[in-house]
Amino acid sequence: MDGVPEGDTVWLAAKRMDAALHGATLVRGELRVPQLAEIDLAGATVTEVVPRGKHMLIRFADGRTLRTHYRMDGSWHVYRPGARWRGGPAFSIRAVFTTPEWECVGYRLHDMAMVRTSDEASVVGHLGPDVLGPDWDLEEALRRLRAQPDEQIGVAILDQRNLAGLGNLYKVETLFLCGVNPWARVADVPDLPGLVERGRSLMLANRDRPEQSTTGDTRRGQDHWVAGRKGRPCRRCRTTILLGDQGPDLQERVTWWCPRCQATPAPVPRARTGQPGTEPRRARY
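The structure reproduced in this document is the subject of the present report. (Residues numbered from 1 in each chain as written. Predicted model: local features only at pLDDT ≥ 70, side-chain atom pairs only at ≥ 80, totals over all residues. Heavy atoms only, no water.)

## Describing helix α6 (residues 192–206)
Step number 1: With 15 residues, α6 ought to run about 21 Å at 1.5 Å a step, and its terminal C-alpha atoms sit 22 Å apart, in line with that.
Step number 2: The complete set of buried residues in α6 reads Leu192, Leu195, Val196, Gly199, Arg200, Leu202, Met203 and Asn206. Down the axis of α6, the buried side of the element spans an arc of 155°, and every buried residue falls inside it.
Step number 3: Close packing links the buried residues of α6 with α1 (7–21), α3 (138–146), α4 (153–156) and α5 (168–177).
Step number 4: N-capping of α6 is provided by Asp191, with a side-chain oxygen placed 2.9 Å from the backbone N of Gly194. (Helix = DSSP H or I, 4+ residues; strand = E, 2+ residues; numbered from the N terminus. Expected span 1.5 Å × (residues − 1). Buried < 20%, exposed > 50% of the residue type's maximum accessible area, 1.4 Å probe, protein only. Arc of directions from axis to C-beta. Contact = heavy atoms within 4.5 Å. Polar contact = N/O pair within 3.5 Å; in protein donor to acceptor, adjacent residues only side chain to side chain.)

## Describing the nonpolar core
Step number 1: Ile153, Ile157, Leu163 and Trp256 are the most contacted members of the largest nonpolar core, which has 39 residues in total.
Step number 2: Those elements that provide at least two residues to this core are α3, α4, α5, α6 and β10 (253–257).
Step number 3: The contacts of Ile153, once residues within four sequence positions are left out, are Leu175, Val180, Asn181, Pro182, Ala184, Val186, Val189, Leu192 and Leu195.
Step number 4: In this structure, Ala13, Ala14, Leu21 and Leu109 belong to the second largest nonpolar core, which totals 26 residues. (Core = buried A, V, L, I, M, F, W, Y, C linked by side-chain atoms within 4.5 Å.)

## With respect to the packing of aromatic side chains
Step number 1: With the rule as written, the count across this model stands at 5 aromatic pairs.
Step number 2: With a centroid separation of 5.6 Å and an interplanar angle of 25°, the aromatic rings of Phe176 and Trp225 are classed as stacked. Linking Phe176 in helix α5 with Trp225 in the loop between α6 and β9 (242–246), this pair joins segments that are 49 residues apart in sequence. For the pair formed by Phe176 and Trp225, the shared burial category is buried.
Step number 3: Ring centres of Trp183 and Trp257 lie 4.8 Å apart, and the angle between their planes is 65°; this geometry places the pair in the edge-to-face category. Highlighted residues: Trp183 in the loop between α5 and α6 and Trp257 in strand β10, separated in sequence by 74 residues. For the residue pair Trp183 and Trp257, the accessibility class agrees, reading buried in each case.
Step number 4: Through a chain of ring-to-ring contacts, the aromatic side chains of Phe60, Trp76 and Phe97 assemble into a single cluster. (Phe/Tyr/Trp six-rings, centres within 6.5 Å; stacked < 30°, edge-to-face > 60°.)

## Observations regarding the pattern of salt bridges
Step number 1: Tallied over the full model, the rule gives 13 salt bridges.
Step number 2: Note that Lys15 is salt-bridged to Asp208, the shortest N-O span being 3.1 Å. Here Lys15 is found in helix α1, whereas its partner Asp208 is found in the loop between α6 and β9, with 193 residues between them in sequence.
Step number 3: Given a relative accessible area of 46%, Asp208 falls into the partly exposed group.
Step number 4: A single salt-bridge network, built from bridges that share partners, covers Arg28, Glu30 and Arg32. (Salt bridge = Lys/Arg side-chain N within 4 Å of Asp/Glu carboxyl O.)

## Some thoughts on the packing of α5 against α6
Step number 1: Between α5 and α6, whose axes approach to 9 Å, the crossing angle comes to 125°. As the angle between them shows, α5 and α6 are arranged oblique. Crossing of α5 over α6 shows right-handed handedness. Listed contacts from α6 to Tyr170, Glu173, Thr174, Leu175 and Leu177 of α5 are Leu195, Arg198, Gly199, Leu202, Met203 and Asn206.
Step number 2: Here the contact of α5 with α6 is composed, by residue class, of 6 nonpolar, 3 polar and 2 charged. (Axes fitted to C-alpha atoms, helices over the stretch in contact; angles between N-to-C directions. Parallel < 35°, antiparallel > 145°, perpendicular 65-115°, else oblique. Left-handed = near helix turned anticlockwise from the far one by under 90°. Nonpolar A, V, L, I, M, F, W, Y, C, P; charged D, E, K, R; others polar.)

Encoded structure:
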């Protein structure tokens, strides 16, 4: 299945990181990427760790901010001193922050950048309203979506420039629950505000736990309506769930849908005959 971290995953990770680092002075602060390798953060004090869509911002008292992004495979892990680090091989570690009480280790992080906190817009200013942010703005998200009325809705709600944080899992589940075909035009969605708010409500319901359930059942195999269920019967109408690729070339995302429950008139999608694929080689973050 498309296992790319969603905005709720980043939100929960930022919450845990903030609990460990908020107000703490780092004993060890390493950034293991070439462009930042000379920066030594030992002695720096963390003021807060906050999510912004699928980005994580670690702010320091000296007015700097470290931006990291998970993309397909990144993660932050929080350990007690002396615990075994289990996030992957040592060569995949990109950051190590330690305090007397905690060790925070970042694996396979992407798009790492150190900027002035006052210049954070240079790295996240392109993002639309944050679905899980305290400043969520439904009307602004709708304005951005409606600015491209002919875009496919399944593409539009994944574009982080329209609304930040919602990923492929919540895309397919939201569209199913709203009875909207992923290939329908934005202009043809009968209740666009309701669709956006449904996606947000699903993410709010899952942000405080690692499990992501859209059915209300967290048991494996029972947790999703259509995601990961190609060839299996729809939970509502028993029609076979289909799988296709959606999006521009090199930005395709695997998309599950029920052709009966989501029969909104739309162009015929590109069918996928093999197993569910992986992330595109490029994607808009």
